[in-house]
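Structure assessment
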Amino acid sequence: MLPVEPRVIVGVDDSPASRWALAWAVGAARLWGMALVAVHVSRAPVHPFPEALPYTHAIRQFEEARSVELIHDLFEDMAGGTPADLTTASLARLGEPGPLLVELARPGDLLVVGRGRRGGLDRLLLPSTRRYCIRHARCTLVIVPTPPASEPMTGPAVAARPSWMRWLSPRHHAK
């Protein structure tokens, strides 16, 4: 069940831009005392007649379970776990991220998406969630840019990482 009060809705995936967007959304939800809804939308194969395929239900269940696990891992990585001081909800859907995020966000909500760096092939093959949200959102939209690679992540995001990941960070080698 999703919270009904004004919410911070953040679209997440496994990209660096999404991690920064989630970290920003956690801070905004704390600052304004809003509920936080993390949404992952999988682009699953779509068939024009899904009821005709016997395995469609299994694909949906697998993708939704994978999405819930991804959201959990992102909370662990970026906030040291699901924030206990916030009302949170996780939502996993199949489809196109832009239309589903815009449909979910109501006036009064805050919709947060990351702005990553995509290559030419990605831009050609996959529609931009950020651009769709810019054109169609009926609520306040925040686009969180990914900082340059020269700015290392600090705080709970680094502390929550396994030691081998901290060892790979550029700051470790600068010492």
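Overview of the structure. Because the structure is a prediction, the values reported are computed rather than measured.

1. Details of the pattern of salt bridges
Under the definition given, this model contains four salt bridges. Among the ionic pairs, Arg7 bridges to Asp109, the shortest N-O distance being 2.6 Å. In this pair, Arg7 is assigned in strand S1 (residues 7-11) and Asp109 in the loop between helix H3 (97-104) and strand S4 (110-115), connecting sequence segments 102 residues apart. Arg7 gets classed as buried once you look at its relative accessible area, which sits at 2%. Between Arg19 and Asp77 there is a salt bridge, with its nearest N and O atoms 2.5 Å apart. Within this pair, whereas Arg19 is found in helix H1 (residues 16-32), its partner Asp77 is found in helix H2 (residues 56-79), the two being separated by 58 residues in sequence.

2. Some remarks on the pairing of S1
Along any regular strand the residues' side chains alternate between the sheet's two faces. Among the five residues that make up S1, five are buried, leaving the element largely enclosed by the rest of the structure. On S1, burial covers both faces: Arg7, Ile9 and Gly11 on one face and Val8 and Val10 on the other are all buried. Pairing of S1 with strand S2 (residues 35-42), which is carried by five bridges, proceeds in the parallel orientation. Bridge pairing in S2 places Gly11 opposite Val39. A crossover links S1 with its parallel partner S2, the connecting element being H1, and its sense is right-handed. Pairing between S1 and S4: three bridges, direction parallel. The residue of S4 that forms the bridge with Val10 is Val112.

3. Some remarks on the sheet that holds S4
Spatially, five strands are ordered S3-S2-S1-S4-S5 in an open sheet, and the strand pairing comes out parallel. With partners counted over all chains shown, the strands left at the sheet margins are strand S3 (88-94) and strand S5 (140-145), one partner each. Adjacent strand axes in the sheet meet at a mean angle of 25 degrees when their direction is disregarded.

About the thresholds
- Residues numbered from 1 in each chain as written.
- Predicted model: local features only at pLDDT ≥ 70, side-chain atom pairs only at ≥ 80, totals over all residues.
- Heavy atoms only, no water.
- Salt bridge = Lys/Arg side-chain N within 4 Å of Asp/Glu carboxyl O.
- Helix = DSSP H or I, 4+ residues; strand = E, 2+ residues; numbered from the N terminus.
- Buried < 20%, exposed > 50% of the residue type's maximum accessible area, 1.4 Å probe, protein only.
- Pairing = 2+ DSSP bridges.
- Right-handed = clockwise from strand over helix to strand, strands pointing away.
- Axes fitted to C-alpha atoms, helices over the stretch in contact; angles between N-to-C directions.

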